[in-house]
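For reference, the chains in residue letters:
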Amino acid sequence: QVQLVESGGGLVQPGGSLRLSCAASTSIFSINIMGWYRQAPGKERELVAQLTRGGTTIYTESVKGRFTISGDNAENTVYLQMSSLEPEDTAVYFCNGWTPSRSYWGQGTQVTVSS
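Residues numbered from 1 in each chain as written. Predicted model: local features only at pLDDT ≥ 70, side-chain atom pairs only at ≥ 80, totals over all residues. Heavy atoms only, no water.

Undergrad: I would appreciate a short explanation of the pairing of strand β7 (residues 67-72) in the present structure.
TA: Here is the key point about a regular strand: its side chains alternate between the two faces of the sheet. Two elements, β7 and strand β8 (residues 77-82), share six bridges in a ladder whose sense is antiparallel. Residue Asp72 lies in a different strand from β8, and its bridge partner there is Thr77. Joining the antiparallel neighbours β7 and β8 is a turn of four residues, in which Asn76 adopts a positive phi near 55 degrees. (Pairing = 2+ DSSP bridges. Helix = DSSP H or I, 4+ residues; strand = E, 2+ residues; numbered from the N terminus.)

Here it is in structure tokens:
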């Protein structure tokens with residue numbers, strides 16, 4: 001059983017930055033893919049960014065050049081650095097850990113971009 005705990009969400013003005021953290025109860029190196037998803041009100045949950053065990057990253061088109069996913073194996077933590085935030089980035093952000101046998105989810109952290 002893997003537990004994921006997100007933190008770092010909050011209210012930020014357009015153009016601002018936030019860094020989300022996802023602390024795992026186990027080594028993130030043991031998880032094949034770590035990812036960040038988001039769900040805005042009335043919309044389906046969507047992939048934001050992924051980081052594979054091998055270090056490969058992928059991003060959804062709308063966040064390319066603005067968001068960066070990274071991992072700290074020593075801290076068992078995955079980060080999502082978000083810059084140039086836009087109101088459209090407002091959502092609950094969820095951390096995900098995927099293995100061939102199971103997918104794990106955190107409880108989510110709210111990000112609100114508003115002036």
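Undergrad: Teacher, can you tell me more about the sheet that holds strand β3 (residues 18-24) here?
TA: Within a beta sheet, neighbouring strands are joined by backbone hydrogen bonds and run either parallel or antiparallel to one another. Here four strands make up an open sheet; going across it, the order is β1-β3-β8-β7 and the pairing antiparallel. Each edge of the open sheet is held by one strand with a lone partner, namely β1 (4-7) and β7. Between one strand axis and the next, the sheet turns by 15 degrees as a mean value, whatever way the strands run. (Axes fitted to C-alpha atoms, helices over the stretch in contact; angles between N-to-C directions.)

Undergrad: What's the story with the pattern of salt bridges in this structure? I'm lost.
TA: Oppositely charged side chains can form a pair if their charged atoms are brought close together. Evaluation of the coordinates by the stated rule reveals five salt bridges. Between Glu46 and Arg38 there is a salt bridge whose closest N-O contact spans 2.7 Å. Classification of Arg38 as buried rests on a relative accessible area of 6%. Salt-bridge contacts for Arg38 lead to Asp89; the nearest nitrogen and oxygen are separated by 3.0 Å. With Arg38 in strand β4 (residues 33-39) and Asp89 in the loop between β8 and β9 (91-98), this pair connects stretches of sequence that are 51 residues apart. (Salt bridge = Lys/Arg side-chain N within 4 Å of Asp/Glu carboxyl O. Buried < 20%, exposed > 50% of the residue type's maximum accessible area, 1.4 Å probe, protein only.)

Undergrad: Looking at this structure, how should I read the state of the cysteines?
TA: Between two cysteines, a covalent bond joining their sulfur atoms is known as a disulfide. Under the counting rule described, the total for this entry stands at one disulfide. Two residues, Cys22 and Cys95, share a disulfide whose sulfurs are 2.0 Å apart. Every disulfide takes its handedness from the sign of the S-S torsion; for Cys22 and Cys95 that torsion is -80 degrees, giving left-handed. Of this pair, Cys22 sits in strand β3 while Cys95 is found in strand β9, placing the two residues 73 residues apart along the sequence. Taking relative accessible area as the criterion, Cys22 reaches 0% and is therefore assigned buried. (Disulfide = S-S within 2.5 Å.)

Undergrad: What's the story with the packing of aromatic side chains in this structure? I'm lost.
TA: The geometry of an aromatic ring pair is captured by the separation of the ring centres together with the interplanar angle, meaning the angle of the planes. Tallying each qualifying case throughout the model produces two aromatic pairs. On the numbers, 6.4 Å between centres and 85 degrees between planes, the contact of Phe94 with Trp105 is edge-to-face. Of this pair, Phe94 sits in strand β9 while Trp105 sits in strand β10 (residues 103-105), placing them 11 residues apart in sequence. For Phe94, a relative accessible area of 10% gives the class buried. Classification of Trp105 by relative accessible area gives partly exposed; the value is 37%. (Phe/Tyr/Trp six-rings, centres within 6.5 Å; stacked < 30°, edge-to-face > 60°.)

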